[in-house]
Amino acid sequence: MRIVFSTDWYSEGMGYSENILPIVLARMGHEVFVVSSTMQVYGDHAFYRDVYERFLGPAILEPGTKVIDGVTLIRLPIQLWWKRLKIARGRVQAVVDLRPDIVFSYDPRSMQTAMLSAAAWFSDFKLFSSVHTVASVYPAFYHYAEMPILRRAWLRLTDTWIGWFASRRIEVSYANTPDAVEIALRFLGARSGRVKLIPSGLDVAHLRPARDAQDARERTAIRASLGVTDDEILCIYTGRLTAAKNPKVLAEAVRILRENRKPYRAIFFGEGEQAAEIASVDGCAVMPFVKYQALPAYYRAVDVGVWPRQESVSMTDAAACGTPIIASDRMLARERIDGNGLSYVENDPADLARVLTELADPALRARLGARGAEKMVAQFNIEKTAAEVLADFRLAIGGAAVAREAGADA
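Here goes a summary of the coordinates provided. Numbering of residues begins from 1 in every chain and follows the order in which that chain's sequence is written. With pLDDT at 70 or above as the cut-off, local features in this predicted model cover only qualifying residues; side-chain atom pairs require 80 or more to be listed or tallied, and sums for whole chains, interfaces and linings still use all residues. The side-chain figures draw on all heavy atoms in the structure; neither hydrogens nor water molecules are used.

### Some remarks on the sheet that holds strand β15 (residues 325–328)
Strands qualify as paired when DSSP identifies two bridges or more between them. Note on conventions: DSSP H or I runs of at least 4 residues are helices, E runs of at least 2 residues are strands, and numbering of each starts at the N terminus. Strand order in the open sheet formed by six strands is β13-β12-β11-β14-β15-β16, and the pairing between neighbours is parallel. Among the strands making up the open sheet, the edge pair consists of β13 (284–287) and β16 (341–344). Here the strands of the sheet are splayed against their neighbours by 25° on average, with no regard to which way each runs. It only takes one pair of heavy atoms within 4.5 Å for two residues to be counted as in contact. Only the stretch in contact is used when fitting a helix axis, every axis being a line fitted to C-alpha atoms; angles between N-to-C directions are given from 0 to 180 degrees. This element, helix α13 (residues 313–320), spans β11 (233–238), β14 (304–307) and β15 of the sheet and lies at about 160° to β15.

### What about helix α8 (residues 178–186)?
Between buried and exposed lies partly exposed: a residue is buried under 20% and exposed over 50% of the maximum accessible area for its type, with that area taken using a 1.4 Å probe on protein chains only. Looking at α8, one finds that the buried residues are Asp-179, Ala-180, Val-181, Ile-183 and Ala-184. Where α8 is buried, its residues touch β8 (126–131), α6 (140–143), β9 (170–175) and β10 (195–197).

### Some thoughts on the packing of α13 against helix α15 (residues 362–379)
Remark: α13 packs on α15, axes separated minimally by 7 Å, with the N-to-C direction vectors making an angle of 110°. With respect to α15, the element α13 is oriented roughly perpendicular. Taken together, the residues of α15 that come into contact with α13 (itself represented by Thr-316, Ala-319 and Ala-320) are Gly-369, Gly-372, Ala-373 and Met-376. Tallied by class, the residues present in the contact of α13 with α15 amount to four nonpolar, three polar and no charged. Angle categories are assigned with fixed cut-offs, so that under 35 degrees is roughly parallel, over 145 is roughly antiparallel, 65 to 115 is roughly perpendicular, and the rest are oblique. In the scheme used here, Gly and all other residues not listed as nonpolar or charged are polar, with Ala, Val, Leu, Ile, Met, Phe, Trp, Tyr, Cys and Pro taken as nonpolar and Asp, Glu, Lys and Arg as charged.

### Considerations on a nonpolar patch on the surface
Patch building starts from residues that exceed 30% relative accessible area and form no salt bridge, then joins like charges within 9 Å and nonpolar side chains (Val, Leu, Ile, Met, Phe, Trp, Tyr) within 5 Å. Calculation of accessible area relied on Shrake-Rupley with a 1.4 Å probe; when residues are assessed, cover is drawn exclusively from the protein chains displayed. A pair is scored as a salt bridge if a Lys or Arg side-chain nitrogen falls within 4 Å of a carboxyl oxygen belonging to Asp or Glu. Taken together, the side chains of Trp-82, Trp-154, Leu-157, Trp-161 and Trp-164 make up a nonpolar region of the molecular surface, amounting to roughly 630 Å² of accessible area. Looking at the nonpolar patch, the element that brings in the most residues is helix α7 (residues 149–167), giving four residues. With respect to the helices and strands, the residue Leu-157 is situated in helix α7.

Here you go:
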């Protein structure tokens, strides 16, 4: 098949749907393209300069074409951006000119998906979409009834109506959590029966638990480089160091534990406005972002992974490496920690300290970590995700071919 992934923005090595799934499909023998603007991920956000620029470079890159792990990336000049309204010069025409069998877009309510949906009426490609909007970042999920009427009307115009229009031509929208499924149906105009729950896939060959002496030596070397002893419990957080993610709660919990002479430390990979305050806490170290390829060694070197507020694909990455997870009690994507982690009262450092104390037991950590690694292979394997998505692609193409043949016979 010829498959085109169309996305508003793109950064190499960042973002599972834009990077890993296309690479896996290309590895399976399909001709895969990513058509994007020249904007980096989060390039239009106020926090980009402070959080991502040092890691990714300028927010706007040069247009051009390059091949990355068998996938052809086409960057087109971005001309206009405002929230989900992002216009890249000639993007829809570029997609159509590639004569794809499948087009995969990333948000059913984005303007580019609506434009591709319109183009699908006059083209032979079949349109698919993902849905990554979850309850923790979508206030209407909890508070729609209390929202002012004008705000509700605006939401219905920008989310529901655009999503409804786009979904007329979307074969399947893939939601990565159960609450994302509900949001797609309640707010994003998705058609009933056309939303499928598929967790974000993981490269479990790369994200794996320790298995040999070399991994043990690597763990020892990383901990030594951080000044962490064997008897200390090292926690990890990866992501933006911002109030929305609030990793500062982990630093405050470490402070509480160390003040009570408990052997806890934490390492934070990321940048943001909370970085300086976190780094000032005894036992806490802040490191710059690294490419996801480098993170498994760190996940295997730590003892606990903590994401205090919003869920993150980093949770499943860490779990695949055999690391037990702690997450907010308000997180609805329970499949990410059920059986392999614990929850705490969101934004409560004292309660997080309490839960971390439970994980002082190495046997409990080992048990939860082993369950997590097994679950990630069974449920989150990118190869399994790719096989399921390809089956839907083939069904859509086959149905179209049968319809065309029937029309020709008539």
